[in-house]
Amino acid sequence: MPSTRVSRARLANLQTQHRPTAIARRLSNGRSPVYLGDVVLGSIDGCITSFAIISAAHGAGLSATLVVVLGLANIIADGFSMAVSNYQNVQADSDVLERLRREEAEHIALVPDGEREELRQIYAAKGLSGEALEQLVEAISSDVQTWITTMLHEEHKVSTLVANPLRAALSTFAAFVVFGTLPLLPFALFGSLDRMVYWLSAAVAAVCFFIVGAIKACAAGRSTFAGGLRVMAIGLMAASLALAVGTLASH
């Protein structure tokens, strides 16, 4: 039995979620692709790219106008490049899935007994045997689509839940542009590259890194504070390297 009020509340919530009607409703809605990874990737890279340019320009003593122009140009170009790369990556996953689906459909049509044996060995390796194993093999193989999906999951270890390539690309691009633009705002507003404006930009970048890291950690069920600090440290480390390069280049 749960020993605390929190654990009892959680147990009650889980019991509610696992009632037959709640399960049926949840399963009927189906699963949808999650684009959080695309947003996190674009956010971190956008902010790092932007603040790295800012740091290098500050170290080299360039003007605020040039920083803003270079920053925006790189944000748009790099953001588009990353979006296209992400589109191609997701599309490639979709193409591989469809190829495997066609192969399994062909195998089931041509050598059904061999495919049943594959099912049998897959579930035997999971501990099933005897009549229970045979009943499961018969149940799965009685429906072709269920059979194909099972083989994709169990034999090829691929997910049949594939993201929309365009949505993934747009999520990455939008996050890259938004989080890449934020560190540039102090220079656009004040029109200066002095220390105060630079450190204000650094503070904005640090907050951006922390927010992205916290969101990523929250989605993974981890400490949001620790996750925020981790991403913030990585981002500011990259900016420090850019600052060092810009400073060396100016001498």
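In this text the structure is predicted, and so the values were computed from the model without any measurement. The numbering scheme is per chain: residues are counted from 1 as the chain's sequence reads. With the structure being a predicted model, the display of local features is reserved for residues of pLDDT at least 70 and the display and counting of side-chain atom pairs for 80 or more, all residues being used for whole-chain, interface and lining totals. In computing side-chain properties, one takes all heavy atoms of the structure into account and sets aside hydrogens as well as water.

Caption draft 1: Spotlight on the nonpolar core. Counting residues in each nonpolar core, the largest one holds 24 residues, and the members touching the most others are C47, F51, I54, V67 and F187. A helix here means a DSSP run of H or I that spans at least four residues, while a strand means a run of E at least two residues long, and both kinds are numbered starting from the N terminus. Elements with a contribution of two residues or more to this core: helix 3 (36-60), helix 4 (64-110), helix 8 (165-181) and helix 10 (195-219). Tallying contributions element by element places helix 10 first for this core, with seven residues. For this analysis, a nonpolar core means a set of buried residues of the types Ala, Val, Leu, Ile, Met, Phe, Trp, Tyr and Cys, connected via side-chain atoms within 4.5 Å. The buried label applies to any residue whose accessible area, calculated with a 1.4 Å probe on protein chains only, is under 20% of its type's maximum; exposed applies above 50%, and partly exposed to all values in between. The next biggest cluster of nonpolar side chains, apart from the first, holds 13 residues, and it includes I108, I140, W147 and I148.

Caption draft 2: How the structure looks around helix 10. Under the convention used throughout, the expected extent of a helix is 1.5 Å for every residue step, that is, one less than its residue count. The end-to-end C-alpha distance of helix 10 is 36 Å, a good match for the 36 Å that 25 residues give at a rise of 1.5 Å each. Those residues of helix 10 lying buried are V197, Y198, S201, A202, A205, A206, C208, F209, V212, G213, A214 and A217.

Caption draft 3: Region of interest: the packing of helix 4 against helix 7 (residues 144-154). Interaxial angle, 0 to 180 degrees, is taken between N-to-C directions of lines fitted to C-alpha atoms, where a helix line uses only the stretch in contact. Close contact between helix 4 and helix 7 brings their axes to 10 Å; oriented N to C, the two are set at 125 degrees. Judged on the interaxial angle alone, helix 7 and helix 4 are oblique. Of the two possible hands of crossing, helix 4 and helix 7 adopt the one that is right-handed. Every residue of helix 7 that contacts helix 4 at L97, L100, R101, E104, A105 and I108 is listed here: V144, Q145, W147, I148, T149, M151 and L152. Put simply, angles under 35 degrees are roughly parallel, angles over 145 are roughly antiparallel, angles from 65 to 115 are roughly perpendicular, and the rest are oblique. In this scheme the crossing of two helices becomes right-handed for a clockwise turn of the near helix relative to the far one and left-handed for an anticlockwise turn of less than a right angle. Note on contacts: a residue pair is in contact if any heavy atoms of the two residues lie within 4.5 Å.

Caption draft 4: Local environment of the state of the cysteines. Throughout, a disulfide means two cysteine sulfur atoms within 2.5 Å of one another. By the definition in use, this model includes zero disulfides. C47 forms no disulfide, and the closest cysteine sulfur to it belongs to C208, at a distance of 4.5 Å. With relative accessibility at 1%, the residue C47 sits in the buried group. You can call C208 buried: its relative accessible area is 5%.

Caption draft 5: Region of the structure containing the environment of P183. Relative to the helices and strands, P183 resides in the loop between helix 8 and helix 9 (185-190). It is 6.8 Å that separates the C-alpha atoms of P183 and S50, two residues lying 133 residues apart in sequence. Residues within four places of P183 in sequence aside, it is in contact with C47, S50, F51, I54, S201, V204 and A205.

Caption draft 6: Representation of the environment of M196. The residue M196 is located in helix 10 in this model. A relative accessible area of 55% places M196 in the exposed class. Along the primary structure M196 and A169 are separated by 27 residues, whereas in three dimensions their C-alpha atoms are 36 Å apart.

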